[in-house]
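Observations on the three-dimensional arrangement
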Amino acid sequence: MIRRPPRSTPLYSSAASDVYKRQVWPQPEYGREVTMGLKLRLPRSIGFCLNGTIQSVMLCVCGALMILGFASDGVIASDAAKTVGPNACAECHKEEAEAWKGTHHFNTFREMPRNAEANEIAKKMGLRRIKSEGLCMNCHFTVQEKNGKPEPITGISCESCHGAGKDFIKTHSEFSGKTEKTETKAEEEVRWKLADAKGMIRPSSLYELAKNCYSCHVVPQEDLVNVGGHKAGSAFELLSWSQGEVRHNTWHSKGKSNDAADASRKRMLYVVGLGVELETGIRAVSNATARKPYAFAMAKRVDAARKLLAAAAAAAPDVPELKRLVDYAYSAGLKLNNKPALSAAADGVSKEIASITAKYDDAKMAGLDPLLPTPDKFKGTARKPAGAN
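Residues numbered from 1 in each chain as written. Predicted model: local features only at pLDDT ≥ 70, side-chain atom pairs only at ≥ 80, totals over all residues. Heavy atoms only, no water.

1. Considerations on the nonpolar core
- If you look at the biggest cluster of nonpolar residues, it comprises 72 residues, and the most contacted ones within it are Leu238, Leu278, Ile282, Leu322 and Ile356.
- A per-element tally of this core places helix α15 (residues 293–315) first, with twelve residues.
- Dropping the residues within four chain positions of it, Leu278 is found in contact with Val302, Ala305, Arg306, Leu309, Leu325, Ala329 and Val349. (Core = buried A, V, L, I, M, F, W, Y, C linked by side-chain atoms within 4.5 Å. Buried < 20%, exposed > 50% of the residue type's maximum accessible area, 1.4 Å probe, protein only. Helix = DSSP H or I, 4+ residues; strand = E, 2+ residues; numbered from the N terminus. Contact = heavy atoms within 4.5 Å.)

What follows is the structure, given as C-alpha cells:
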C-alpha cells in the first residue's frame, strides 16, 4: 500500500502579511503561503517575545559572524588550513585590532566555554567540549589548522569576516612591491583584484561580508535549535550592528578617527542586510525538515524581512530591484518540502542584491533615510582610536 505524503501546510500565518500583500502587491499569485488569521500561530518555544523581537542568548552573547565549517546554501566558508590568525593582521592594523579587543567577538573565546546555557546546549547535542567540537567552533571561534587538526585560536576575528588570509595577506599589503606613495592607481586596482581572487573579502564586497554575518546570526543548523534548544538566531540588523562596537573604520585616517558610515553606505548596509536576511531565511526554510521551532522561526524571519523590504521599495521607487526582492519573497510558499521553489526564490533574491550593490549611488536611495536605524539603535559603542596605525 502506497502512503500519500502528508499535505504541506504553511509554517507562518499572518493577517498583516495578507493585508499588506493585497494593498501593495495585489497580484493574486503572491502570498499563497499566507493565511488569514487574527494572530500569529507560532509555538511559544520558538524564542520570540510578544513584540516579535528575537531573544538571542548564545548568538547575542557571542556575536558570531561567520560559518567556517558546516556551510548551508549560499554561505561562504573559510579554510582553517589558510587561517593566519589576528596577530598577523595586527602587525599593520593596530587600531583595528584594539577595537576588536573590546567586542563580544573577542570575548567569546574566554566566556563561551564557561557559559552555563552554552554547555547545556552542547550536552543536549552530545558534545563533550565546546572548543573541541566543530558544531560550536564553526561560528563562535576563529579556527586554525594545527598538526593536521582544526583548533580554535581566538574568538570571532579578522578572518571570520574577511576570509582566511594565507593566500592574500601579502598581496593586499605589499603596494605592488612599492610604497603606498609610489604605487600607481592602476597598480593598486590590479593588486586589489588579485587579493579578491585569492579570497579576500573587502569592505566594498558588502554582499559577501553580509552573507558571512548572517550565516551565523541566523543559525544554519536545524538540530541545534530543535534538539539542542539553541535560539534560532539573534536580532541581527546589519546597519545598526556594524556601526556599534564592532566598527573599526580607522585605516584611512591612520588611526585618528573611527567615523560612522556616511549616508550612502548606511543606505546600502540597510538594504543589503535586509536582502541577505531574506535570502538566508528562505534557504533555511527550504532546508528545514520538521514542523518544529527552527522552521517556524525561519518563516517568521522571512516574513519580517519582506515587510521591511516592501517599505523600502515604496520609499525608493527608482530602485526597481527592491520591488523584485519582494516579488521573489512572495513567489514561493513558506512550507516544508518546497525546496525547488524556495531555492529559486532565494537565488532570485541573491541576483537582485548583487545588482543593487553594483549599480546604485546614494541619490536614488535617499528615500530610505527615514527607515534607517538611528545611532541610539547601534549595537554597543564604537571605540575611540588612538592614532596607532
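2. Some details on the environment of Met125
- Mapped onto the fold, Met125 is located in the loop between α6 (116–124) and α7 (134–140).
- Taking C-alpha positions, Met125 is 9.1 Å from Leu135, a pair spaced ten residues apart along the chain.
- Dropping the residues within four chain positions of it, Met125 is found in contact with Leu135, Asp223, Leu224, Val227 and Gly228.

3. Points about the packing of helix α11 (residues 206–217) against helix α14 (residues 263–287)
- Interhelical geometry of α11 versus α14 gives an angle of 50° and a closest axis separation of 9 Å. Considering the angle they form, α11 stands oblique to α14. Crossing of α11 against α14: the hand is right-handed. Contact with α11, carried on its side by Leu206, Tyr207, Ala210, Lys211 and Tyr214, involves Arg265, Met268, Leu269, Val272, Gly273, Val276, Glu277, Glu279 and Thr280 of α14 and no other residues of that element.
- Among the residues making up the contact of α11 with α14, the classes are represented as eight nonpolar, two polar and four charged. (Axes fitted to C-alpha atoms, helices over the stretch in contact; angles between N-to-C directions. Parallel < 35°, antiparallel > 145°, perpendicular 65-115°, else oblique. Left-handed = near helix turned anticlockwise from the far one by under 90°. Nonpolar A, V, L, I, M, F, W, Y, C, P; charged D, E, K, R; others polar.)

4. Some remarks on the state of the cysteines
- Taken as a whole, this structure holds one disulfide when the rule is applied.
- With a sulfur-sulfur separation of 1.8 Å, Cys139 is cross-linked through a disulfide to Cys216. Here the disulfide of Cys139 and Cys216 is left-handed, its torsion about the S-S bond being about -90°. Taken as a pair, Cys139 in helix α7 and Cys216 in helix α11 lie far apart in primary sequence, 77 residues in all. We note that Cys139, like Cys216, is buried.
- We note that Cys92 lacks a disulfide partner, and the nearest cysteine sulfur, in Cys89, lies 9.3 Å from it.
- Residue classification places Cys92 among the partly exposed positions, given a relative accessible area of 41%.
- Cys158 carries a free sulfur, and the closest cysteine sulfur to it, the one in Cys89, is 3.9 Å from it.
- Cys158 gets classed as partly exposed once you look at its relative accessible area, which sits at 25%. (Disulfide = S-S within 2.5 Å.)

5. Quick notes on the confidence of the model for the chain
- Within the chain, residue pLDDT values average 84, and 80% of them lie at 70 or more.
- Mean pLDDT values over the elements of the chain span from 37, in helix α2 (residues 58–62), up to 98, in helix α16 (residues 320–329).
- Below a pLDDT of 50 lies the segment residues 1–5, which in the model reaches zero contacts outside its immediate sequence neighbourhood of four places, other chains included.
- The low-confidence segment residues 15–77 (pLDDT under 50) makes 175 contacts with residues lying over four places distant or belonging to another chain. (pLDDT = per-residue confidence, 0-100.)

6. Structural notes on the pattern of salt bridges
- Scanning all chains against the criterion turns up 23 salt bridges.
- Residue Glu321 is joined to Lys359 by a salt bridge in which the shortest nitrogen-to-oxygen separation is 2.9 Å. Of the two residues, Glu321 sits in helix α16 while Lys359 sits in helix α17 (residues 339–359), which places them 38 residues apart along the sequence.
- The class for Glu321 is buried, based on a relative accessible area of 0%.
- The shortest N-O distance in the salt bridge between Lys377 and Asp376 comes to 3.0 Å. With respect to class, Lys377 is no different from Asp376; both count as exposed.
- One continuous salt-bridge network, built from bridges that share partners, spans Glu321, Arg324, Lys351, Glu352 and Lys359. (Salt bridge = Lys/Arg side-chain N within 4 Å of Asp/Glu carboxyl O.)

7. A closer look at α6
- If you check which residues of α6 are buried, you get Ala118, Ile121 and Ala122. Buried residues of α6, seen end-on, are gathered within an arc of 100° and therefore sit on one face of the element. Residues of α6 that are exposed and angled more than 90 degrees away from the buried face: Ala116 and Lys123.
- A distance of 3.0 Å separates the backbone nitrogen of Glu117 from a side-chain oxygen at the start of α6, and that oxygen is part of Asn115.
- Trailing α6 by a residue or two, Gly126 shows a phi angle of about 75°, which is positive. (Arc of directions from axis to C-beta. Polar contact = N/O pair within 3.5 Å; in protein donor to acceptor, adjacent residues only side chain to side chain.)

8. Structural notes on the pairing of strand β1 (residues 142–146)
- Pairing of β1 with strand β2 (residues 149–154) involves five bridges; the strand directions are antiparallel. Looking at β2, one finds that Thr142 is bridged to Thr154.
- Hairpin remark: β1 followed by β2, antiparallel, with two residues in the connecting loop; positive phi at Asn147, about 55°. (Pairing = 2+ DSSP bridges.)

9. Quick word on the environment of Leu342
- Residue placement: Leu342 occurs in helix α17.
- Along the primary structure Leu342 and Ser286 are separated by 56 residues, whereas in three dimensions their C-alpha atoms are 5.7 Å apart.
- Apart from residues no more than four positions distant in its own chain, Leu342 is found in contact with Ile282, Val285, Ser286, Ala332, Gly333, Leu334 and Lys335.

10. Some details on the packing of α14 against α17
- It is at 9 Å that the axes of α14 and α17 come closest, and there the two elements cross at 165°. What the angle tells us is that α14 and α17 run roughly antiparallel. Relative to α17, the crossing made by α14 is left-handed. Between α14, through Met268, Val271, Val272, Gly275, Val276, Leu278, Glu279, Ile282, Arg283, Val285, Ser286 and Asn287, and α17, the contact on the second element is made entirely by Lys339, Leu342, Ser343, Ala345, Ala346, Asp347, Val349, Ser350, Ile353, Ile356 and Thr357.
- Looking at side-chain class alone, the contact of α14 with α17 contains 13 nonpolar, six polar and four charged residues.

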